[in-house]
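Working through the structure, step by step
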Amino acid sequence: MKDRRCLKARIVTEVDDLLGARKEEGELLLSRPDRVLRKFTRPSVKMWLLEHGQIFEYVPAKNIVYVKDFRKAPDALKLIQAAATADVNALRE
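As the structure is a computational prediction, the values presented were derived from the model and not from experiment.

Some thoughts on the side chain of Glu-51
Along the chain, Glu-51 falls in strand 4 (residues 46–51). Judged by its relative accessible area of 18%, Glu-51 falls in the buried class. Within polar-contact distance, the side chain of Glu-51 engages the side chain of Arg-35 at 2.8 Å. Setting aside chain neighbours within four positions, we find Glu-51 in contact with Asp-34, Arg-35 and Phe-56.

Let's talk about the pairing of strand 6 (residues 64–69)
Pairing of strand 5 (residues 54–59) with strand 6, which is carried by six bridges, proceeds in the antiparallel orientation. Looking at strand 6, one finds that Tyr-58 is bridged to Val-65. Two successive antiparallel strands, strand 5 and strand 6, enclose a turn made up of four residues, where Asn-63 displays a positive phi of approximately 50 degrees.

A closer look at the packing of aromatic side chains
Summed over the entire model, instances satisfying the criterion amount to zero aromatic pairs. Its guanidinium or amino end placed over the ring of Trp-48, Arg-38 lies 5.2 Å from that ring's centre, counting from NZ or CZ. Above the ring of Phe-40, the side-chain terminus of Lys-46 is found at 5.8 Å from the ring centroid.

What counts, and at which threshold
- Residues numbered from 1 in each chain as written.
- Predicted model: local features only at pLDDT ≥ 70, side-chain atom pairs only at ≥ 80, totals over all residues.
- Heavy atoms only, no water.
- Helix = DSSP H or I, 4+ residues; strand = E, 2+ residues; numbered from the N terminus.
- Buried < 20%, exposed > 50% of the residue type's maximum accessible area, 1.4 Å probe, protein only.
- Polar contact = N/O pair within 3.5 Å; in protein donor to acceptor, adjacent residues only side chain to side chain.
- Contact = heavy atoms within 4.5 Å.
- Pairing = 2+ DSSP bridges.
- Phe/Tyr/Trp six-rings, centres within 6.5 Å; stacked < 30°, edge-to-face > 60°.
- Lys NZ or Arg CZ within 6 Å of the ring centre and 35° of its normal.

Right, here's the structure in full:
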């Protein structure tokens, strides 16, 4: 995980909540230290990008991009970046 080259992986998320069980498939592009793209293609398209302290979430049904800015919340940003980039040492802190 110390390698700084871009990482591309196929991802599958499974969620079981009040709406029932759902499974989404897509890909993850990780460019350390702070850039992550999650692009889901099944069952529907949606994208999530973490870059420079902001999260950009594209919702195709509404054709809109939501921006969440965490640059003024450094503790929350550090936790989000650690989770998104699989930085286990930062998550332990």
